[in-house]
Amino acid sequence: MPDRYVALLRGINVGKAKRIAMADLRALVADLGYGDVSTLLNSGNVVFTAPGADPDHAARRIEDALRERTCVSSRVVVLTAREIGEAVEGNPWRDEVVDPSRLLVTVLYDPADRRKLEPLMDQDWGTDRLALAGRVAYVWCPDGVLQSKLPEAAGKVLRDAATSRNWATMLKLHALVHHPTS
């Protein structure tokens, strides 16, 4: 059975820029030779299979095809099923989170970029919290993401070196790669 992967596209269908229909995105990824392509939500989450694909190579292929075929430029990170599992299992607050929209999982394109977030760990964010694990950062905003200064601060230091999904989306992606429906 081929390995399952998740491609996360940065900034797709947020506001009026970088608009792409999910049917077109599924077709684009399938045309690259990947199998069992599905999308989740309307924000650039693609699940696919491939026998032994290199995640970085797959990300570059999807980025290039997106730019060439749709004129949409978006950074792409591809995670293995194992990496999605580690991101879910590594959440230090998974038993405390009541509202999954208030927990962001920020996936770094380059795991070495986590050093950019380390200075934020020493700051007082009130009720908000930041944790780092591998290639992800967990940003928990119990009073709401829009009220928090932490996501904005993380965004300033990372710039376009990461993409974020809320906890509910991460759980759905985890389910899709680990328990696909037939």
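Cut-offs applied
Residues numbered from 1 in each chain as written. Predicted model: local features only at pLDDT ≥ 70, side-chain atom pairs only at ≥ 80, totals over all residues. Heavy atoms only, no water. Helix = DSSP H or I, 4+ residues; strand = E, 2+ residues; numbered from the N terminus. Rg over C-alpha atoms; globule rule 2.2 N^0.38 Å. Contact = heavy atoms within 4.5 Å. Lys, Arg positive; Asp, Glu negative; His and termini not counted. Charge placed at Lys NZ, Arg CZ, Asp CG, Glu CD. Pairing = 2+ DSSP bridges. Axes fitted to C-alpha atoms, helices over the stretch in contact; angles between N-to-C directions.

Caption draft 1: Up close: the overall build of the protein chain. On a plain count of helices and strands, the protein chain comes out with six helices and eight strands. Ordered by position from the N terminus, the helices and strands of the protein chain form the series β-α-β-β-α-β-α-β-α-β-β-α-β-α. A compact globule built from 182 residues would reach a C-alpha radius of gyration of about 16 Å, and the protein chain, at 16 Å, matches this within 12%. Judged by the C-alpha coordinates and their principal axes, the protein chain covers about 50 × 35 × 30 Å. Looking at the protein chain alone, contacts between residues at least 24 apart form 70% of all its contacts between residues at least 6 apart. The average position of the 24 basic charges and that of the 24 acidic charges among the side chains of the protein chain differ by 5 Å.

Caption draft 2: Summary view of the sheet that holds strand β4 (residues 76–80). An order of β2-β3-β1-β4 is seen for the four strands of this open sheet, with the pairing classed as antiparallel. With partners counted over all chains shown, the strands left at the sheet margins are β2 (35–40) and β4, one partner each. Strand after strand, the sheet turns through a mean of 20 degrees between neighbouring axes, direction not considered. Pairing geometry for β2 and strand β3 (residues 45–50), over four bridges, is antiparallel. Bridge pairing in β3 links S38 to V47. Across the sheet, helix α1 (residues 22–31) lies against β1 (3–9), β2 and β3, angled at about 155 degrees from β2, the strand it touches most. Lying over the sheet, helix α3 (residues 81–89) contacts β1 and β4, oriented at roughly 90 degrees with respect to β4.

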